Amino acid sequence: MFPLLAVVQAVRRLAPESEFFWFGSRRLEWDIASRYGIDGSFMPFTFSYRRMNLASAFYYLRTAPVWLSGKPVFTACLSIDRFQPHIILASGGYVSFPALIAAKVRSIPTCLVETNAVPGRINRIFSPFARRVYCATERIAGALRSRAAPASVLVTGYPARSAGVSDPFAYLGIERNNLPLVLIVGGSSGAEFLNELMLRVAMTPGFADEFGGRVTIIHQWGRAPEEREIGRFILLPHYHAVSFDPVIPDFYPHANLFVGRAGASTIAELAQAKLPAVLVPYPHHADRQQYANASVLADAGCALIREEAELTPRSFIELLRELVLEQGAAKMRDGFG
């Protein structure tokens, strides 16, 4: 949803009278959209882009009957009838499928935004019917031109949004200091590996002595951390835990290093802030899209890609020592140009 929020912010600057309506899933979108002052319809279910296994098979068995009933498309049609949009803008993902079908039924023009290095299935399916297909890079555009309508594909760069907070430190009640700032950013379903890694790092002998007074860490868990988990960081006076907050990208211009997943929105926000990164692609996407996303920055020398299997507490501490304490990350900024 974050590329679309970036578009919302830009359109509001250009045309303040514009109005927006959000159609998405209730998992996180309803809360985030409301923070940006956007009303909407939010489905209590969604498909998930994951590898097929026993767990995902049960997931699809639970959700498929609702989709096959036509309720999502019916709800999307009602939303269109209520809001009367001039255009529908979608960034892919299965939750946009009913809205795009409803747009076809109601004859509303559609535009697509594609920021993933590997275009998603929904955008590939609907690109022939879109008035415009906005792509972050030429590589993405090349993958969609053969399917999209002639001259409809445009390369726009990565749209990056801001939470609009002038002082994110004050917003989250974090004291500013002159120490290097490291952001550990988990998403939602992909956050647990990073959370577990940080729990093990915090308990590694010598870590608190070496880093506790020399580095500020802001760690987004993707969920509310338990009290026993927070207790492991008691020897780190400049460690701050955040469950999930869209304000985190507003810390990027102040940070020295980012550690996290490689979603397309993250790549856009890192590039805008010129923030060096250690990217840990989510390994369970069938098309390995986050590896392709991460390569955009890694090929320019702005980021390092690390597999989950490569990141042990020892290797992670060595990375922090090299990139933060020894200022190796500062050299990576040159790759942003």
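Criteria and cut-off values
Per-chain numbering applies: the sequence of each chain, read as written, is numbered from 1 onward. In keeping with the model being predicted, local features are shown solely for residues with a pLDDT of at least 70 and side-chain atom pairs are shown and tallied solely at 80 or more, while totals for entire chains, interfaces and linings include all residues. Hydrogen atoms and water are omitted, and side-chain values are computed over all heavy atoms in the structure. Only protein chains enter the calculation, and the probe is 1.4 Å; a residue is then buried if its accessible area is under 20% of its type maximum, exposed if over 50%, and partly exposed in between. Numbered from the N terminus, helices here are DSSP runs of H or I no shorter than four residues, and strands are runs of E no shorter than two. Between two residues, a contact is recorded if the distance between any of their heavy atoms is within 4.5 Å. When DSSP finds two or more bridges between a pair of strands, those strands are recorded as paired. Lines fitted to C-alpha atoms define the axes, with helix axes restricted to the stretch in contact, and inter-axis angles between N-to-C directions lie between 0 and 180 degrees. Residues form patches when they are more than 30% accessible in relative terms and have no salt bridge. Like charges link within 9 Å. Nonpolar side chains (Val, Leu, Ile, Met, Phe, Trp, Tyr) link within 5 Å. Each accessible area is a Shrake-Rupley result for a 1.4 Å probe, and residues are judged covered by the shown protein chains and nothing else. Whenever a carboxyl oxygen of Asp or Glu lies within 4 Å of a side-chain nitrogen of Lys or Arg, that contact is scored as a salt bridge. Nonpolar cores were defined as sets of buried Ala, Val, Leu, Ile, Met, Phe, Trp, Tyr and Cys residues, with membership established by side-chain atoms within 4.5 Å.

Q: With reference to specific residues and values, describe helix 9 (residues 192-202).
A: Burial in helix 9 covers these residues: Leu194, Asn195, Leu197, Met198, Leu199, Val201 and Ala202. Residues of helix 9 that are buried sit in contact with strand 7 (181-185), helix 10 (207-211), strand 8 (216-220), helix 11 (227-230), strand 10 (257-260) and helix 14 (313-325).

Q: Residues and numbers for the environment of arginine 200, please.
A: Within the element layout of this structure, arginine 200 appears in helix 9. A residue is classified by how much of its surface remains accessible, and arginine 200, at 42% relative accessible area, is partly exposed. Separated by 133 residues in the primary sequence, arginine 200 and arginine 333 place their C-alpha atoms 29 Å from one another. If near-sequence neighbours (up to four positions away) are discounted, arginine 200 is found in contact with Arg232 and Pro313.

Q: Describe the sheet that holds strand 12 (residues 303-305), and please don't skip the residues or the numbers.
A: Neighbouring strands of a sheet are bound in pairs by backbone hydrogen bonds; such pairs are parallel or else antiparallel. Read from one edge of the open sheet, 6 strands run 9-8-7-10-11-12, paired in parallel fashion. Only two strands of the sheet have a single partner each, and these edge strands are strand 9 (239-242) and strand 12. Averaged over all pairs of adjacent strands, the angle between strand axes in this sheet comes to 15°, irrespective of strand direction. Helix 9 rests against strand 7, strand 8 and strand 10 of the sheet, and its axis sits at about 145° to strand 8.

Q: Tell me about a nonpolar patch on the surface, and name the residues and values.
A: A cluster of nonpolar side chains, contributed by Leu54, Phe58 and Leu61, occupies part of the molecular surface with about 360 Å² of accessible area. Topologically, phenylalanine 58 is positioned in helix 3 (residues 54-68). According to the relative accessible area criterion, phenylalanine 58 is partly exposed, its value standing at 47%.

Q: Give me the pairing of strand 7: which residues, what numbers.
A: Of all 5 residues that make up strand 7, 5 are buried, and the element is covered over most of its length. Neither face of strand 7 is left uncovered, since the one carrying Leu181, Leu183 and Val185 and the one carrying Val182 and Ile184 both have all their residues buried. In this sheet, strand 8 lies alongside strand 7 in parallel orientation, the contact comprising 5 bridges. Counterpart to valine 182 in the pairing with strand 8 is isoleucine 217. Pairing analysis gives 4 bridges linking strand 7 to strand 10, with the strands arranged parallel. From the neighbouring strand, isoleucine 184 faces strand 10, where its bridge partner is valine 259.

Q: Can you lay out the environment of leucine 297 for me, pointing to particular residues and giving the numbers?
A: By secondary structure assignment, the location of leucine 297 is in helix 13 (residues 289-298). Residue classification places leucine 297 among the buried residues on the basis of a relative accessible area of 5%. Apart from residues lying up to four places away in sequence, leucine 297 is in contact with Ile267, Leu270, Leu279, Cys302, Ala303 and Phe336.

Q: For the nonpolar core, give the residues involved together with the corresponding values.
A: Grouped together as the largest cluster of nonpolar side chains are 30 residues, with contacts concentrated most on Val182, Leu257 and Phe316. If you list the elements that add at least two residues to this core, you get strand 7, helix 9, helix 10, strand 10, helix 14 and helix 15 (328-332). Apart from the residues lying within four places of it in its own chain, the contact partners of leucine 257 are Leu181, Val182, Leu183, Leu275, Pro276, Ala277, Val278, Leu320, Leu323, Val324 and Ala329. Counting 25 residues, the second largest nonpolar core, distinct from the first, contains Leu181, Val242, Ile267 and Phe336.

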